Amino acid sequence: MVKLSIAKILQIALKAGRVTRKYPSEQPLLTPEFRGAIRIDPTKCWGCGACVRVCPPNALTLTPKDKVATLEYFVGRCIFCGMCAEVCPANAITVTKEFELSSTSIEDLKSGVVHRLVRCSSCGELIWTEAELRATVKSSPISEEYITLCPKCRKLKFGKAAMLGRGGSSE
Amino acid sequence: MSNLAKALKAIRKSIWVYHLNSGSCNACDIEVLDALTPYFDVERFGVKLVGSPRHADVILLTGPITRESLPKVVRAIRAMPRPRLILALGSCGVGGGIWWDSYSTTGGFKKLEDILRENGVEIDRVVYVPGCPVRPEAIIYGILLLLGAVEQKSKRVEVYASES
C-alpha cells in the first residue's frame, strides 16, 4: 500500500471539494428517469380495474362494498414499476417524483378513489361504475336500451329480439 | 414530559442504528450503506452503524421477514434496550412487497408487530419508509421523522370520482 503524506491527502481533498449533499435543506438529486409514488386523478379515473390486474404486488385494489367500489392505493406495498400508468386507458395515473412518503402509521400510506356503482335495470345486480358507463357511451355507439343491463340480461334481451325478428314469439 | 419524549430528546444527536436484514433482496441494504457514505453523510445527524442490537437505538429492518428469519428477528428486537425504535424500510418491510401473501414470509411489519405483542415485546415507535428500494434521502427523511425533526407529508385521502 502506498502511504500518502498529509500534504498529498490535502491536495486530493481540495481537488475533490465538498461532495456531501445537505439533503433536508438542499434539493435531492432526482434524475428524469426516477419513478416515485403514483397519483390517481379522480376526475379521469373510470374504475375499470386495469391497473389492479397489472399491479405485481397488489398495491392497487378495487373492492366493491355496498353501492360503491373503492380503488385503494397502498404506497407501502408499491414497487414503483409504473405499469399502472402504462395500462391506464383513461390516462388517469401519473408517476410523480414523490419519495418522502415516510409515516408513523400504516393508514396514512393508503389513499383511495371512491366510485359509485350502477345497478342492472332488469335484475338489479351491481354491474359497473358510473364513470366507466359514461366513458363507454362517449367512446362507442351503444344502444341506450342495453347500456344499463348486465351482460346476462343483455344476452337474454338480444336473443329475444333476434327471435322476434325471425318471426318467432318472444316466449 | 413522557418517558418516550425524554428518551427521544436524549438520543436526538446520537442515533445508533443496527441494520437487520430479514430476507431482503439486498437492494435496500445497499441503499442503507449508500446513506452512510460521505455523499449523504448521516453522521451529520449523529447516526452511527453499530454491530449489535444491544447497543442500538434504532433498528433498520429490511426485507419481508421470512419464516426462517422470524425467530431471529424477534430475538434481535427483544435484545434492544428501551425505547425500541424501528424503521421499516422498503416495500417488503412496510407491506410485504411482492411477497405479501406468500406462505414463506410474514408479510410486512404490521403482522410482525402482532407476533411481537404475542411474545411480550413492546415497540415504542415505528416509522414506515416506503420505496423499492428506498432512496438514501428517504432513509434520512424517515430518521428525521422518527425524531420529530420534520413534518409528515403522507396523509390518508379518500375522494369521490367526479360526477360529470
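Look a little higher up for the structure.
The structure displayed is predicted, hence computed values, not measured ones.

Draft legend 1. Structural view of unusual backbone geometry. In this chain, Arg82 of chain B is followed by Pro83 of chain B through a cis amide linkage whose omega measures -5°. Structurally, Pro83 of chain B is set in the loop between α3 (70-79) and β4 (85-89). Pro133 of chain B follows Cys132 of chain B through a cis peptide bond whose omega is -5°. Position of Pro133 of chain B relative to the elements: it lies in the loop between β5 (125-129) and α6 (136-146). Even without being glycine, Asn91 of chain A reaches a positive phi, approximately 55°.

Draft legend 2. Up close: the pattern of salt bridges. This model, assessed by the stated rule, comprises twelve salt bridges over all chains. Note that Glu158 of chain B is salt-bridged to Arg156 of chain B, the shortest N-O span being 3.0 Å.

Draft legend 3. Inspection of the interface of chain A and chain B at higher detail. Each partner contributes to the interface: chain A provides 45 residues, whereas chain B provides 42 residues. Taken together, the two surfaces of chain A and chain B that pack against each other cover about 3900 Å², and 57% of this comes from carbon and sulfur. Joining chain A to chain B, the criterion identifies three salt bridges. For Arg156 of chain B, the salt bridge identified is with Glu72 of chain A, shortest N-O distance 3.4 Å. The interface formed by chain A and chain B holds 19 residue pairs in polar contact (both at pLDDT 80 or more) in total. Each residue belonging to the side of chain A that touches chain B can be placed in one class, and the counts come to 22 nonpolar, twelve polar and eleven charged. The sheet contact formed by strand β5 (residues 110-119) of chain A and strand β6 (residues 157-160) of chain B spans four bridges and is parallel.

The rules behind each value
Residues numbered from 1 in each chain as written. Chains lettered and ligands numbered in written order. Predicted model: local features only at pLDDT ≥ 70, side-chain atom pairs only at ≥ 80, totals over all residues. Heavy atoms only, no water. Helix = DSSP H or I, 4+ residues; strand = E, 2+ residues; numbered from the N terminus. Salt bridge = Lys/Arg side-chain N within 4 Å of Asp/Glu carboxyl O. Contact = heavy atoms within 4.5 Å. Buried area = accessible area lost by both parts, 1.4 Å probe. Polar contact = N/O pair within 3.5 Å; in protein donor to acceptor, adjacent residues only side chain to side chain. Nonpolar A, V, L, I, M, F, W, Y, C, P; charged D, E, K, R; others polar. Pairing = 2+ DSSP bridges.

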